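This is what each chain is made of:
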Amino acid sequence: MEEYHRHCDEVGFSVDEVHNIVKECVDGVLGGEDYNHNKINQWTASIVEQSLTHLVKLGKAYKYIVTCAVVQRSAYGFHTASSCFWDTTSDGTCTVRWENRTMNCIVNVFAVAIVL
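Residues numbered from 1 in each chain as written. Predicted model: local features only at pLDDT ≥ 70, side-chain atom pairs only at ≥ 80, totals over all residues. Heavy atoms only, no water.

## Details of the sheet that holds strand β1 (residues 62–72)
Logical step 1: Read from one edge of the open sheet, three strands run β1-β3-β2, paired in antiparallel fashion. This sheet does not close on itself; its edge strands, each paired only once, are β1 and β2 (92–99). For this sheet, the mean angle separating the axes of adjacent strands, direction not counted, is 10 degrees.
Logical step 2: Of the pairings in the sheet, the one linking β1 to strand β3 (residues 103–113) comprises eleven bridges and is antiparallel in character. What sits directly across from V66, in β3, is V109.
Logical step 3: Packed on one face of the sheet, helix α2 (residues 40–56) meets β1 and β3 and runs near 155 degrees to β1. (Pairing = 2+ DSSP bridges. Helix = DSSP H or I, 4+ residues; strand = E, 2+ residues; numbered from the N terminus. Axes fitted to C-alpha atoms, helices over the stretch in contact; angles between N-to-C directions. Contact = heavy atoms within 4.5 Å.)

Encoded structure:
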């Protein structure tokens, strides 16, 4: 991922804004694709790197953690959970669920406010 440094003083986590950014990244990487085990590492790396790049460019005072899981669709489903202990007035999280006929993708974004 390219380095991007910028003075950030805006704090305000917008779930809708983050959801739209991540969904565009996932659509751009996985849209039109069928599940292919050999491409999973490339796809997940692209999704998290693109998401982080766009989130940082918002210029908000956050540290971001982005995770991505892609699994082949099956009758067994796919379940995940997360929990955070933080300041709910400034920190935030967003989960994006994406699927097509051959795979499921879950992207989690955790945003921790930088307080100086």
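Now that the structure has been shown, the text picks up again.
## Topic: the nonpolar core
Logical step 1: Counting 26 residues, the largest nonpolar core has V26, L30, I47, C105 and V107 as the members making the most contacts within it.
Logical step 2: Elements represented by at least two residues in this core include exactly α1 (15–30), α2, β1, β2 and β3. (Core = buried A, V, L, I, M, F, W, Y, C linked by side-chain atoms within 4.5 Å. Buried < 20%, exposed > 50% of the residue type's maximum accessible area, 1.4 Å probe, protein only.)

So far we have only geometry, and geometry alone does not tell us how the molecule works.
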